[in-house]
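As a plain string of letters, each chain reads:
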Amino acid sequence: MCIRDRAKSFQSPVALAISFDWPKKERPTYEVWISSSDANSYEILSRFATFGDLLEPITERQLYFVVWHCEDCAKLEYKVPRENCLSGGRYCAPDPDGSGPLTGRDVLLEDLRQHCISKLYPKEFWKYITTYTKTCLSNPLLETCSAHAMKESAINADKIKSCVESTFISDAGKPNLELSDNTVLTLNRELFMDRGITSWPQIFVNGIAYTGNFESTSIFDTICHAFLHKPTVCEKMEAPFQQSHHADDYKPKPTIWIVFGIVGCFALLFMGAFYLVYKRVVRRELSHELADHVNEAVSKYMLMTQKRVPEGTI
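Report on the accompanying structure. (Residues numbered from 1 in each chain as written. Predicted model: local features only at pLDDT ≥ 70, side-chain atom pairs only at ≥ 80, totals over all residues. Heavy atoms only, no water.)

## Observations concerning the overall build of the protein chain
(1) Moving on: When its secondary structure is counted, the protein chain shows eleven helices and six strands.
(2) Moving on: Taking all 314 residues of the protein chain together, the buried fraction comes to 34%.
(3) Moving on: Pairs at least 24 apart in sequence give 64% of the contacts found in the protein chain among residues at least 6 apart.
(4) Moving on: Accessible surface, the protein chain: about 20,400 Å² in total, of which carbon and sulfur atoms supply 59%. (Helix = DSSP H or I, 4+ residues; strand = E, 2+ residues; numbered from the N terminus. Buried < 20%, exposed > 50% of the residue type's maximum accessible area, 1.4 Å probe, protein only. Contact = heavy atoms within 4.5 Å. Areas by Shrake-Rupley, 256 points an atom, 1.4 Å probe, with all protein chains shown as cover.)

## Let's talk about the state of the cysteines
(1) Moving on: Using the criterion set out here, one finds five disulfides in the structure.
(2) Moving on: Residue pairing for C116: its cysteine sulfur links by disulfide to C163, the two sulfurs lying 2.1 Å apart. The disulfide joining C116 to C163 has a torsion of about -85° about its S-S bond and is therefore left-handed. Highlighted residues: C116 in helix α4 (residues 104-120) and C163 in helix α7 (residues 157-166), separated in sequence by 47 residues. Like C116, the residue C163 is buried in the burial classification. (Disulfide = S-S within 2.5 Å.)

## A look at empty space enclosed by the protein
(1) Moving on: Counted by the stated rule, this structure contains one cavity of 30 Å³ or more.
(2) Moving on: A volume near 40 Å³ is recorded for the largest cavity.
(3) Moving on: In this structure, the largest cavity is lined by V32, I44, L45, F48, P201, I203 and I219.
(4) Moving on: Among the elements that line the lining of the largest cavity, the one with the most residues is helix α2 (residues 39-55), at three residues. (1 Å grid on protein atoms, 1.4 Å probe; cavity = no way out; pocket = protein on both sides within 12 Å on 5 of 7 lines; lining within 4 Å. Points joined across faces, edges and corners; volume = space filled by probe spheres on them.)

## What to know about the packing of aromatic side chains
(1) Moving on: Per the stated rule, a full pass over the model turns up twelve aromatic pairs.
(2) Moving on: With centroids separated by 4.9 Å and ring planes inclined at 45°, the aromatic side chains of F51 and F220 adopt a geometry described as tilted. Residue F51 is found in helix α2, and its partner F220 is found in helix α9 (residues 216-224); the two are separated by 169 residues along the sequence. By the burial criterion, F51 is buried, and F220 matches it.
(3) Moving on: Each member of the aromatic cluster is reached from another via a ring pair, and the members are Y30, F48, F51, F125, W126 and F220.
(4) Moving on: Between the NZ or CZ atom of R61 and the centre of the ring of F125, over which it lies, the distance is 4.1 Å. (Phe/Tyr/Trp six-rings, centres within 6.5 Å; stacked < 30°, edge-to-face > 60°. Lys NZ or Arg CZ within 6 Å of the ring centre and 35° of its normal.)

Put into structure tokens, the structure is as follows:
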């Protein structure tokens, strides 16, 4: 029986309430989807870094990257290197600076570096993100800048380099980064297609796509609501936020009335001064106009008088 038929069986009106809530876990999982060439993604992550650092010990953060695919390369069995791709064209990224020195390959290698940093240095990850955002997004020497950002974040660059190389499949010896397949990018590509992601950054909380705005407090609040039992850090951070959004805060503040009063006084003073100046100018114009009329009348009178005087009387 459908809801409509069921409702008709009741004699009194029926109220239907639908509640949308996040699936809850003891330790929530949130996925972050970005591209190493997208400045907007890093600006959002950089602002969220403080909250991300607080959530790091009590959540499972998963970092994924947007990865494209070269369909024409499949016809060549991925045996020809491509400038904007890795693994013979299995995984590609757009050229980040057009005619500049960087290529899509540089973007993918940075993706892999950040994957390794996220796994091996979770505590230092957010420090790296903020440093990378400030110094590396427009830097043509991306690999060098990344190494500097790792140093600033107390991350061993050699360890990260070894981690990146280990993600490539190799039968023997050192893998060929241009042609060898990559386990991490394979997973990213498969999930990218399964999730149906069309824009980024994108966030999934406990498997559900986050559709709110990308303000740090909104993202943090959503993740906090995904806990089965809300942790203390969420309650501490929510308390001042709720106080600042209390209904009383929407009432006009005394300072606002003071400002209105001052502005009103200045407006009255300006109008009064304008009236006085206007009045004086009008009075002056009237005086001049009246004087002209009097002078004209007197002149006409004198002329008429002179014409009436008989000859020989002077």
